[in-house]
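Fold and contact review
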Protein chains: 2
Amino acid sequence: MTPAFIGLDWGTTTLRAYLAAKDGSVIEARRSPDGILAAAGRFEEVFAKSVEGWPDSLPVIASGMIGSRQGWIEAPYCPCPAGLAEIAAKLVSLTTRSGRRIVFVPGLTCNDANGTPDVIRGEETQVLGALANGNGAYLLPGTHSKWLAVIDGRIDRFATYMTGEVYAVLKGHTILGRLMSGEGDDDAAFRAGVRRGAAAPELLLHTIFGTRTLGLFGTLESTALPSYLSGVLIGSEIAAATHDLKSGESVTILASAALAERYATACALCDVKAAIGPENAAIIGLARIARAAGLLN
Amino acid sequence: MTPAFIGLDWGTTTLRAYLAAKDGSVIEARRSPDGILAAAGRFEEVFAKSVEGWPDSLPVIASGMIGSRQGWIEAPYCPCPAGLAEIAAKLVSLTTRSGRRIVFVPGLTCNDANGTPDVIRGEETQVLGALANGNGAYLLPGTHSKWLAVIDGRIDRFATYMTGEVYAVLKGHTILGRLMSGEGDDDAAFRAGVRRGAAAPELLLHTIFGTRTLGLFGTLESTALPSYLSGVLIGSEIAAATHDLKSGESVTILASAALAERYATACALCDVKAAIGPENAAIIGLARIARAAGLLN
């Protein structure tokens, strides 16, 4: 394969650099913990190291938090609906001190029914890379889970659910963590939690308290409690986020294998059809955006 | 008034001691930060100090977390429905090293529709003290808000909502706190948050993220964000907890004046009728329980 460009998937905690062909096929991939938090103040140095030995002449395109106010340069949010054309028209670029030009993908913004804004950065690129038939629902679970709806090849709207971060602080800083031990790999407790959370997502401030009482009364072991709480939160998230899915519509999950499996299990318990998407969605998305912008001739 | 008994409202962070007449009228009240956390390991010493100078001959009755496994002695939970008779039959007592007998009120337990247990300690005494006509809905807001339903003088069921504790950890330990300043006294932002939370309590993991985006886009000032988040959580709590209230049924709020006002404002925005109950409910409740147990002859 002929190297055609360099793609950077540069998030808060991780930097993934790819030497890729025009269609996004990966020739070489590198991964480092130099996300924007760790790399702050030395982005050019981290960039130079991450692409060392790759041809200087190749175009470079980056997505993720590196294009935020806390990143290298701010690429202002592009409003939804947004597809390849809208995003390609809003790319921002800078030239490094060593004369290298880098192009940054903007994040997206949309307003929910209530008029409250929401934002993503990086997930739009993954979804555009994973798009098969140009329509569908996508889930990128994690610290801040993102649910996206794609219509005719454009990201129509999306919503953030703070599931992972809420789990971490409930476990780490509230009374719910006091009876817990272990890290949460009790499958039965996870499933019980998902069912509980999904049955009544509107009661979340109440249902999480069951993590304490089920421990107090000895119904669940201390090692089962983290899984139970995780299940309650994920069940609540899925029930709420899929409320307006058409009957039988499938959700494509984009995540690392373990997390994707966890959410696929939870979706099944919630009667939501789910498929796990490709792991290389980010670099395919970067290739598609770069081509749409005319960067790869 | 003739002193008839000593009542202790002894919670996690505060001890309130009352010298009271038979009907619960307060002759003298004392308050200290020696809740069970601060007083652990020296309950008798703290007790002696808190009742110093009051007649040794009077019966003593205590409610709250002092009767929990982490307290002085465990008074096992009494199952719902529970009124004065059921609670009086489950009192537990101990005799101090100095020969003083102290009677402890049990907490209550109930199972929700899903079979998950819930617990209260102390709130049952306040509600029995505030009871007017023997029926109604009661709210004791706070770190762990408690919603209780009373039927024919007995506490029929209740539910805990972790509203206050969730607010504290979201503000103190998540990305939502990063843009915040101040302590949350922006009334307009609080009201906007209540409306937002109440409109879709099932979306809570999503709606809280609005605290970040409304700050990012400059729609809300940093000083308005704590109030907004508090409103979202309280609105979500009220909408969920009042779901099965009969139309026009009123909720009686038992809390300190400022917190009671805050929740009364929020209830009004949620179209829930609310009245603020008496501040002396705990000592009245202790008097009623003591009389039902034949301790005050």
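It should be emphasised that the depicted structure is a prediction, and the values quoted were computed from it without experimental measurement.

Comments concerning the overall build of chain A
Of regular secondary structure, chain A possesses 11 helices and 14 strands. In terms of overall size, chain A behaves like a compact globule, its C-alpha atoms giving a radius of gyration of 20 Å where 297 residues would be expected to give roughly 19 Å. If one aligns the C-alpha atoms of chain A with their principal axes, the spans along those axes are about 65 × 40 × 35 Å. By sequence separation, contacts in chain A at least 24 residues apart represent 65% of the contacts at least 6 residues apart.

With respect to the nonpolar core
One broad trend across soluble globular proteins is that nonpolar side chains are buried collectively. Formed by 208 residues in total, the largest nonpolar core has its most connected members in Ile61(A), Ile61(B) and Tyr228(B). Contacts of Tyr228(B), omitting those with residues within four sequence positions, involve Ala189(B), Phe190(B), Ala192(B), Gly193(B), Thr211(B), Leu214(B) and Leu220(B).

Some points on the sheet that holds strand 7 (residues 101-104) of chain B
Residue and element names in this part refer to chain B. Taken in spatial order, the six strands of this open sheet run 3-2-1-4-7-6, and their pairing is mixed. Strands at the two margins of the open sheet, each flanked by one partner only, are strand 3 (26-32) and strand 6 (92-95). In this sheet, neighbouring strand axes are inclined to one another by 20° on average, regardless of whether the strands run parallel or antiparallel. Here six bridges tie strand 2 (residues 15-20) to strand 3, and the two strands are oriented antiparallel to one another. By the bridge assignment, tyrosine 18 is partnered in strand 3 with alanine 29.

Describing the relation of the copies chain A and chain B
Expressed as a screw operation, the relation of chain A to chain B combines 0.0 Å of axial shift with a rotation of 180°, fitting to an RMSD of 0.0 Å. Put plainly, the chains are arranged around a two-fold axis. Relative to the rotation axis, the C-alpha of Glu202(A) is the closest in chain A, positioned 1.8 Å from it. A symmetric contact is evident, with 100% of the interface residues of chain A recurring at the interface of chain B.

Some thoughts on the interface of chain A and chain B
The interface of chain A with chain B comprises 36 residues on the first partner and 36 residues on the second. Within the residue set of the side of chain A that touches chain B, elements represented by two or more residues are strand 9 (117-120), strand 12 (154-161), helix 5 (163-173), helix 6 (187-199), helix 7 (204-207), helix 8 (210-216) and helix 9 (225-241) of chain A. Across the side of chain A that touches chain B, the residue classes break down as 21 nonpolar, 10 polar and five charged.

Digging into the environment of Lys90(A)
Residues and elements named next belong to chain A. Here lysine 90 is to be found in the loop between helix 3 (84-88) and strand 6 (92-95). Among the residues examined, lysine 90 registers 18 C-beta atoms within 10 Å and is labelled partly exposed. Each C-alpha atom, one on lysine 90 and one on proline 76, is 7.9 Å from the other, the two residues being 14 residues apart in sequence. Filtering out sequence-adjacent residues up to four positions away, lysine 90 remains in contact with Cys78 and Pro106.

Quick look at the domain arrangement of chain A
Taken domain by domain, chain A consists of domain 1 (5-133 + 282-292) and domain 2 (161-276). Look at where the C-alpha atoms of domain 1 of chain A and domain 2 of chain A centre, and you get two points 31 Å apart.

Overview of the sheet that holds strand 9 of chain A
Residue and element names in this part refer to chain A. The strand order across the open sheet formed by three strands is 5-8-9, and the pairing between neighbours is mixed. Since the sheet does not close on itself, it has two edges, and those belong to strand 5 (78-79) and strand 9, each with one partner. The pairing of strand 5 with strand 8 (residues 108-111) spans two bridges and is classified as parallel. Looking at strand 8, one finds that proline 79 is bridged to threonine 109.

Remarks on the confidence of the model for chain A
For chain A, the average pLDDT comes to 96, and 100% of its residues sit at 70 or higher. Complex prediction metrics read pTM 0.95 and ipTM 0.95.

Description of the pairing of strand 1 (residues 5-10) of chain B
One face of the sheet, then the other: side chains in a regular strand alternate in exactly this way. Residues and elements named next belong to chain B. Across the six residues of strand 1, six count as buried, placing the element largely inside the fold. The two faces of strand 1 match: Phe5, Gly7 and Asp9 on one face and Ile6, Leu8 and Trp10 on the other face are all buried. Relative to strand 2, strand 1 is paired through six bridges, and the arrangement is antiparallel. Each bridged residue has a counterpart across the sheet, and for aspartate 9 the counterpart in strand 2 is arginine 16. Between strand 1 and strand 2, which pair antiparallel in sequence order, lie four residues.

Rules used throughout
- Residues numbered from 1 in each chain as written.
- Chains lettered and ligands numbered in written order.
- Predicted model: local features only at pLDDT ≥ 70, side-chain atom pairs only at ≥ 80, totals over all residues.
- Helix = DSSP H or I, 4+ residues; strand = E, 2+ residues; numbered from the N terminus.
- Rg over C-alpha atoms; globule rule 2.2 N^0.38 Å.
- Contact = placed C-beta atoms within 7 Å.
- Core = buried A, V, L, I, M, F, W, Y, C linked by C-beta atoms within 7 Å.
- Buried ≥ 20, exposed ≤ 12 C-beta atoms within 10 Å, placed from the backbone.
- Pairing = 2+ DSSP bridges.
- Axes fitted to C-alpha atoms, helices over the stretch in contact; angles between N-to-C directions.
- Least-squares fit on C-alpha atoms with pLDDT ≥ 70 in both.
- Nonpolar A, V, L, I, M, F, W, Y, C, P; charged D, E, K, R; others polar.
- Domains from an automatic or database assignment.
- pLDDT = per-residue confidence, 0-100.

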